[in-house]
Amino acid sequence: MTVLSEPMIAWHSLRHAYPGGALLYFDDFVLAPRHHLLVHGPSGVGKSTLLNLMAGLLRPSDGQLRLAGVELGQLQGAAVDRWRGSQLGLVSQRLHLSPSLNVLENLRLPFLAAGLPVDKERIGLVVTSLGLEGLAKRRAAQLNQGQLQRVILARALLRGPRILLADEPTANLDEEASERMIGLLCQAASEHHVTLVVTTHDARVVQRFQALLPVQLHRLRNLGWLASGLTAGLSTVLGGQPG
Ligand SMILES: Nc1ncnc2c1ncn2[C@@H]1O[C@H](COP(=O)(O)OP(=O)(O)OP(=O)(O)O)[C@@H](O)[C@H]1O
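An account of the accompanying structure is given in this report. Model, not experiment: these values are computed from the prediction. (Residues numbered from 1 in each chain as written. Predicted model: local features only at pLDDT ≥ 70, side-chain atom pairs only at ≥ 80, totals over all residues. Heavy atoms only, no water.)

1. Regarding the overall build of the protein
Per the secondary structure count, the protein includes eight helices and ten strands. With 243 residues in all, the protein has 44% of them scored as buried. The contacts in the protein between residues at least 6 apart in sequence include a share of 72% that link residues at least 24 apart. When the accessible surface of the protein is summed, it comes to about 12,800 Å², and 55% of that surface belongs to carbon and sulfur atoms. (Helix = DSSP H or I, 4+ residues; strand = E, 2+ residues; numbered from the N terminus. Buried < 20%, exposed > 50% of the residue type's maximum accessible area, 1.4 Å probe, protein only. Contact = heavy atoms within 4.5 Å. Areas by Shrake-Rupley, 256 points an atom, 1.4 Å probe, with all protein chains shown as cover.)

Here's what the structure looks like:
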């Protein structure tokens, strides 16, 4: 008998409307087993919006979005935060470390913020896996860019997430730093058995990931014009019906 496992990520009829702003439509998608997801598209097409929907930081206006077996629309309030904390790792340069705290203190924060006991064993494991042993007592403000990247990734991995979300992880990085970041993400995906979700507008970044991991490329299209065109067409038809 074949047991079909549930896809790690899938969405259907997904839409997001910003109040008084853009209405974004997303093509249906299912992530193949053991694959990672690359969301690619030009600026403004909705990559960050999609990632924020997956992170439960935005709520869909319509449609279904399932991650790691959970229908996100069914989670309310604090349940979303608990789910995010236990299932997702967010890799973002914008989620700053506390500059006056040292690396170890920064790595305790995700546990403390969730009201959980600090898991020293887990911190040790992640620190070793990212080669941060020598930096434990260094203040975040004193880290260079490469070290900062590793600590940001360590923080995202601390609670053993099933999915790592990285929004334009190579933006504003030079070629060397960008290559290093891609390598770190791929290493983390393999060693920690997490599904990687990466957004990028850069075709070279897409190629690098494709060379290193089994990835599924999802090109975002701006479907807003199509939908509004259809709606306009439909209302024309309906308007032309005899009353
Ligand atoms: N808070 C907001 N309020 C209204 N409109 C928004 C808001 N955030 C984003 N948008 C609009 O939604 C669309 C998609 O934005 P989004 O940031 O998701 O695109 P993106 O593909 O990530 O672009 P970029 O690569 O430039 O960040 C854009 O037209 C943007 O102007």
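2. A closer look at the site of the ligand
Around the ligand, the neighbouring residues are Tyr18, Ala22, Leu24, Pro42, Ser43, Gly44, Val45, Gly46, Lys47, Ser48 and Thr49. Here an oxygen atom of the ligand and a backbone polar atom of Gly46 are 3.0 Å apart. Here the ligand, which alone exposes 630 Å², has 57% of that area covered by the protein. Of the residues contributing to the shell around the ligand, the split by class is five nonpolar, five polar and one charged. (Near = heavy atom within 4 Å. Polar contact = N/O pair within 3.5 Å; in protein donor to acceptor, adjacent residues only side chain to side chain. Nonpolar A, V, L, I, M, F, W, Y, C, P; charged D, E, K, R; others polar.)

3. Quick notes on the pattern of salt bridges
In the structure shown here, the tally under the stated rule is five salt bridges. In this structure, the salt-bridge partner of Arg221 is Asp27, at a minimum N-O distance of 2.9 Å. Here the residue Arg221 occupies a position in the loop between strand E10 (215-219) and helix H8 (224-240), and Asp27 occupies one in the loop between strand E2 (23-26) and strand E3 (29-30), the gap between them amounting to 194 residues. Taking relative accessible area as the criterion, Asp27 reaches 24% and is therefore assigned partly exposed. Of the charged contacts, one joins Asp81 and Arg84 as a salt bridge, the two residues approaching to 3.0 Å between their closest N and O atoms. With a gap of three residues between them, Asp81 and Arg84 both fall in helix H2 (residues 78-87), about one helical turn apart. For Asp81, a relative accessible area of 45% puts it in the partly exposed group. (Salt bridge = Lys/Arg side-chain N within 4 Å of Asp/Glu carboxyl O.)

4. Looking at the sheet that holds strand E9 (residues 195-200)
Strand order in the open sheet formed by five strands is E7-E8-E9-E4-E10, with parallel pairing between adjacent strands. A single partner strand is all that each edge strand has here, and the edge strands are strand E7 (88-91) and E10. Geometrically, the sheet is characterised by an average inter-axis angle of 15 degrees between neighbouring strands, direction not taken into account. Note that strand E4 (residues 36-40) and E9 share four bridges and pair parallel. Counted as the bridge partner of Val39 is Thr199 from E9. (Pairing = 2+ DSSP bridges. Axes fitted to C-alpha atoms, helices over the stretch in contact; angles between N-to-C directions.)

5. Brief notes about the layout of surface pockets
Size it by volume and the largest pocket reaches roughly 610 Å³. Lining the largest pocket are 23 residues, with Gly85, Leu88, Leu90, Pro110 and Arg159 positioned closest to its centre. The set of elements that each furnish at least two residues to the lining of the largest pocket consists of H2, E7, helix H3 (103-113) and helix H5 (145-157). With five residues, H2 is the largest single contributor of residues to the lining of the largest pocket. Taken together, the residues that form the lining of the largest pocket break down as twelve nonpolar, six polar and five charged. (1 Å grid on protein atoms, 1.4 Å probe; cavity = no way out; pocket = protein on both sides within 12 Å on 5 of 7 lines; lining within 4 Å. Points joined across faces, edges and corners; volume = space filled by probe spheres on them.)

6. Section: H2
For H2, the set of buried residues is Val80, Trp83, Arg84 and Gln87. Down the axis of H2, the smallest arc covering the buried residues is 100 degrees, so these residues share one side. (Arc of directions from axis to C-beta.)

7. Details of the side chain of Arg122
Mapping Arg122 onto the fold places it in helix H4 (residues 120-129). As a buried residue without a salt bridge, Arg122 has its nearest oppositely charged side chain in Asp119, at a separation of 6.2 Å. Within the local environment of Arg122, its side chain forms a polar contact with the backbone oxygen of Leu157, the two atoms lying 2.7 Å apart. Those residues within four positions of Arg122 in sequence are excluded, and the remaining contacts are Phe111, Leu157, Leu158, Gly160 and His192. (Lys, Arg positive; Asp, Glu negative; His and termini not counted.)

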